[in-house]
Amino acid sequence: MLKNFFLTCSGVDKNLIENCSNGEQNKYVGIGATVFFTAVMATIAGSYALFTVFDNLYAAIFFGSIWGLLIFNLDRFIVSTIKKRDSKWKEFLQASPRILLAVIIAIVISKPLELKLFEKEINNVLLTEKNQMTLDNKKQIAEQFTPEIESINSEIAVLKQEITSKEKETNILYETYIAEAEGRKGTKKLGKGPVYEEKRAKHDDFLDALNQLKKVNSEKIKQKESAIVSLIEKQKLAEIKSQPVISNFDGLMARIDALGKLPWLPSFL
């Protein structure tokens, strides 16, 4: 039964092969077995490759089985259509497209198996790439929010500078009227005379203006600081939303690309 199955896989004419020697029959049994197990390997490789695409076991097995049947049919076609010719050159021309097709089939089958064989190394490469992508993503998102945050910080700095400047002016006026009262500057008369009262009044006006400025600017600063906090939260939210895209960067194409970054000799073998 198994012998007949492999003969069917080889594509040989059973009516002819039954009249041939056991040696000839065994040759075609071996060809059929090769075709069959190539299809089995193609099914396994295709299922694994498709699993990295669909993330669904049943869909991967279903489409992988279809892929295996396709490879089985192509491989059976290759071995069953090669005929003996009276010239080696004609045989070569006949075999050339089939050899090319066989090489393509070999690559298609072996590539997913390579991905599985070097899975740990590929995961390490992907981890490095994901970390770099995370850093680049944060940098790109920061470039969207940083200019606005820096602009608001500059506005806050201006508001604080206004308060600082007003405090310096007020302190100078305070020192002026105190020095007038002590007789160290101005009229240099000890006591609280008219000039002292005038300088004191000017200082008090500046002090009231300073207190009012502090009140107004403090409110503005709080609003701008709240705006900065809101922008930072939006920045973090943008990073969180984009992270799943980076985390899922492990599809078939990404793994093939990561495989290409490994040493070439093991992959070639």
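A brief look at the structure comes next.

### Observations regarding the overall build of the protein
Move 1: Check the secondary structure of the protein and you find nine helices and zero strands.
Move 2: Traced from its N-terminal end to its C-terminal end, the protein shows the element sequence α-α-α-α-α-α-α-α-α.
Move 3: In summary, the protein has a C-alpha radius of gyration of 42 Å against a globular reference of 18 Å for 269 residues, an excess of more than 25%.
Move 4: Its C-alpha atoms give the protein principal-axis dimensions of roughly 140 × 40 × 25 Å.
Move 5: The buried share of the protein, reckoned over its 269 residues, is 28%.
Move 6: A separation of at least 24 residues holds for 68% of the contacts in the protein among residues at least 6 apart in sequence.
Move 7: Carbon and sulfur atoms provide 62% of the accessible area of the protein, an area that totals close to 18,000 Å².

### A few points about the packing of aromatic side chains
The geometry of an aromatic ring pair comes down to the distance between the two centres and the angle between the two planes.
Move 1: Going through the model one piece at a time under the given rule, you end up with six aromatic pairs.
Move 2: Measuring from ring centre to ring centre gives 6.1 Å for Phe6 and Phe36, while their planes differ by 55°; the resulting arrangement is tilted. Pair noted here: Phe6 is in helix α1 (residues 2-10) and Phe36 is in helix α3 (residues 22-54), with a separation of 30 residues, a long-range link.
Move 3: Judged by its relative accessible area of 26%, Phe36 is partly exposed.
Move 4: Phe6 gets classed as buried once you look at its relative accessible area, which sits at 9%.
Move 5: Members of the aromatic cluster, connected to one another through ring pairs, are Phe5, Phe6, Phe36 and Phe37.

### Some words on the layout of surface pockets
Move 1: Volume-wise, the largest pocket comes out at about 490 Å³.
Move 2: In terms of lining residues, the largest pocket is bounded by 16 residues, among which Lys27, Tyr28, Val79, Ile82 and Lys83 are the most central.
Move 3: Sorting the residues of the lining of the largest pocket by element identifies α2 (14-17), α3 and α4 (57-80) as the ones contributing at least two each.
Move 4: The element best represented in the lining of the largest pocket is α3, accounting for three residues.
Move 5: In the lining of the largest pocket, the residues fall into eight nonpolar, three polar and five charged.

### Digging into the environment of Lys236
Move 1: Relative to the helices and strands, Lys236 is located in helix α7 (residues 194-247).
Move 2: Linking Lys236 and Ile141, residues 95 residues apart in sequence, is a C-alpha distance of 8.9 Å.

### Here we look at the nonpolar core
Considering soluble globular proteins, one finds that nonpolar side chains tend to be buried as a cluster.
Move 1: Within the largest apolar cluster, ten residues are counted, these being Tyr48, Leu115, Phe118, Ile122, Val125, Leu126, Ala254, Ala258, Leu259 and Leu262.
Move 2: Every residue in contact with Ala254, bar those within four places of it in the chain, is listed here: Leu126 and Phe249.

Criteria and cut-off values
Residues numbered from 1 in each chain as written. Predicted model: local features only at pLDDT ≥ 70, side-chain atom pairs only at ≥ 80, totals over all residues. Heavy atoms only, no water. Helix = DSSP H or I, 4+ residues; strand = E, 2+ residues; numbered from the N terminus. Rg over C-alpha atoms; globule rule 2.2 N^0.38 Å. Buried < 20%, exposed > 50% of the residue type's maximum accessible area, 1.4 Å probe, protein only. Contact = heavy atoms within 4.5 Å. Areas by Shrake-Rupley, 256 points an atom, 1.4 Å probe, with all protein chains shown as cover. Phe/Tyr/Trp six-rings, centres within 6.5 Å; stacked < 30°, edge-to-face > 60°. 1 Å grid on protein atoms, 1.4 Å probe; cavity = no way out; pocket = protein on both sides within 12 Å on 5 of 7 lines; lining within 4 Å. Points joined across faces, edges and corners; volume = space filled by probe spheres on them. Nonpolar A, V, L, I, M, F, W, Y, C, P; charged D, E, K, R; others polar. Core = buried A, V, L, I, M, F, W, Y, C linked by side-chain atoms within 4.5 Å.

Taken by themselves, the reported measurements are silent on function.
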